[in-house]
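Residues per chain are reported as follows:
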Amino acid sequence: MGDTTRNILIFLVALLVLYFLVHFLLKKLGKDPANILPHNIASRLKVPMIVLFLAVAIQAGLINREIITDENQIDLFQQIRSILLIFSFTWFIVVAIRIAKNQFLKQFDVNTANNLRARKFYTQFNIIERIAIFVVVLFALGIALLTFDGVEEIGVSILTSAGIAGIVLGLSAQKVFGTIFAGIQIAIAQPIRIDDVVIVEGEWGRIEEIKLTYVVVQIWDKRRLVLPTTYFIETPFQNWTRNSSDILGTVYIYTDFDLPIDKLREEQTRLLNATDLWDRKVDVIQVTDLTEKTMELRALMSAKDAPTAWDLRVYARENLLKFIQENFPDSLPRTRLEVKEERPRQEGPSNLPQK
């Protein structure tokens, strides 16, 4: 018995030394910037490595060395070993998927001005990553369940006795899988991408996250709008950056009919040339409507993206109004009222003949 205890201790010490050696090598590889492994690879693989070495210890230390001889105990530890191996290898695969995705996306920068291609790949690979992890975990769970005796009998009994509960569960699962398939469709067709500017539910915002079953939209005032992925497949919405990020800004001005429009056009051109918010593409003022009281002018100006267009619209609106107030104050909207003076009635002659 003394030899057996000594052998177990030697084996455990060897496993510990091997674990710390592998951990040290991973930590060193993570610090090398030329390596594809992330800098925290050692800490990310710490738990699955411990689980893997524990499974090896159970197989080699307890079962192969015949420390455990009872058949029931051997079956129990073999099942524990199998589950630990499945858990560790699943973790390794998930980490490998994430490392591969991050390594591929390093060549794309979403913080640049023209980031359409980068946002396209970020959207695709983020969703593909979640789908792949979901499939791997589901597959690992299925393999783990097969290690338990009687799973087949339990599964058959559940399927044969499901009844109404099975129908309800099926309808619920249909909705869940519908959102998952919508996420897959978004990854392929890409009606939205990460950092797209959209109008949803009457709110202006940017696509912040695209998950497998839901999408997070960051509203302009820092609120978050969480919508199911099916929303972007089934509901019409506005995408301001579908093909490019540049956009037209619109400013409506209401004035009296006597405003000299050419002067206002000259002032808008001067204002746009004086700011970096304008991208030097579109500069237009048009009369778009007339009412019985006012004239509607629409000023169009272009900007490189939606936030810049918003600032440009505010800038143009304020300064054009200031220009009208200072130079043509009488051309601001006003109500006309014309009062006609009635002529006095002519009285008849006072010296009418008397009867």
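The shown structure was predicted, so the numbers you read here are calculated from the model rather than taken from an experiment.

**Some thoughts on the sheet that holds strand S1 (residues 197–200)**
An order of S4-S3-S2-S1-S5 is seen for the five strands of this open sheet, with the pairing classed as antiparallel. Every other strand in the sheet has two partners, leaving strand S4 (224–228) and strand S5 (238–239) as the edge strands with one partner each. One ladder, built from four bridges, connects S1 with strand S2 (residues 203–210); its direction is antiparallel. Across the sheet, Val197 pairs through a bridge with Arg206, a residue of S2.

**Examining unusual backbone geometry**
For Asp195, which is not a glycine, the phi torsion comes out positive at approximately 75 degrees. Looking at the element boundaries, Asp195 is found in the loop between helix H7 (163–189) and S1. On the basis of relative accessible area, Asp195 is assigned to the partly exposed category, the value being 25%. In this structure, Lys222 takes a positive phi of about 80 degrees despite not being glycine. Looking at the element boundaries, Lys222 is found in the loop between strand S3 (214–219) and S4. Classification of Lys222 as exposed rests on a relative accessible area of 62%.

**Comments concerning the pattern of salt bridges**
In total, this model carries nine salt bridges according to the counting rule given. The partner of Arg265 in a salt bridge is Asp262, with the nearest N and O atoms 3.0 Å apart. Residue Arg265 and its partner Asp262 are both found in helix H9 (residues 261–273); the two are separated by three residues, about one turn of the helix. Take Arg265: its relative accessible area is 34%, and that puts it in the partly exposed class. The salt bridge involving Glu267 is made with Arg270; its shortest N-O contact spans 2.7 Å.

**Some thoughts on the nonpolar core**
Leu264, Leu297 and Met301 are the most contacted members of the largest nonpolar core, which totals 21 residues. Looking at this core, the elements that each hand over two or more residues are strand S6 (247–255), H9, strand S8 (295–303) and helix H10 (306–327). When residues in this core are grouped by element, the largest group, six residues, is from H10. In contact with Leu264, not counting residues within four places along its chain, are Leu259, Ile285, Leu297, Leu320, Phe323 and Ile324. Listed in part, the 17 residues of the second largest apolar core include Ile180, Val198, Tyr231 and Phe232.

**Points about the sheet that holds S6**
Here we have three strands laid out as an open sheet, ordered S6-S8-S7, and antiparallel in their pairing. The sheet terminates laterally at S6 and strand S7 (283–290), the two strands that pair on one side only. Going across the sheet, the axis of each strand differs from the next one's by a mean of 25 degrees, ignoring polarity. Examined bridge by bridge, S6 and S8 share nine bridges and lie antiparallel to one another. The residue bridging Leu248 from the neighbouring strand is Ser302, located in S8. The strands touched by H9 are S7 and S8; relative to S7, the strand with the most contacts, the crossing angle is about 140 degrees. Strands in contact with H10 are S6 and S8; relative to S6, the strand with the most contacts, it is inclined by about 25 degrees.

**Topic: the packing of H9 against H10**
Contact pair H9 / H10: the axes reach a minimum separation of 10 Å and the direction vectors enclose 135 degrees. When the axes of H9 and H10 are compared, the pair comes out oblique. Read as a crossing pair, H9 and H10 show a hand that is right-handed. Across the interface between the two elements, Lys263, Leu264, Glu267, Gln268, Leu271 and Leu272 from H9 touch Leu312, Tyr315, Asn319, Leu320, Phe323 and Ile324 from H10. Each residue belonging to the contact of H9 with H10 can be placed in one class, and the counts come to eight nonpolar, two polar and two charged.

Conventions we followed
Residues numbered from 1 in each chain as written. Predicted model: local features only at pLDDT ≥ 70, side-chain atom pairs only at ≥ 80, totals over all residues. Heavy atoms only, no water. Pairing = 2+ DSSP bridges. Helix = DSSP H or I, 4+ residues; strand = E, 2+ residues; numbered from the N terminus. Buried < 20%, exposed > 50% of the residue type's maximum accessible area, 1.4 Å probe, protein only. Salt bridge = Lys/Arg side-chain N within 4 Å of Asp/Glu carboxyl O. Core = buried A, V, L, I, M, F, W, Y, C linked by side-chain atoms within 4.5 Å. Contact = heavy atoms within 4.5 Å. Axes fitted to C-alpha atoms, helices over the stretch in contact; angles between N-to-C directions. Parallel < 35°, antiparallel > 145°, perpendicular 65-115°, else oblique. Left-handed = near helix turned anticlockwise from the far one by under 90°. Nonpolar A, V, L, I, M, F, W, Y, C, P; charged D, E, K, R; others polar.

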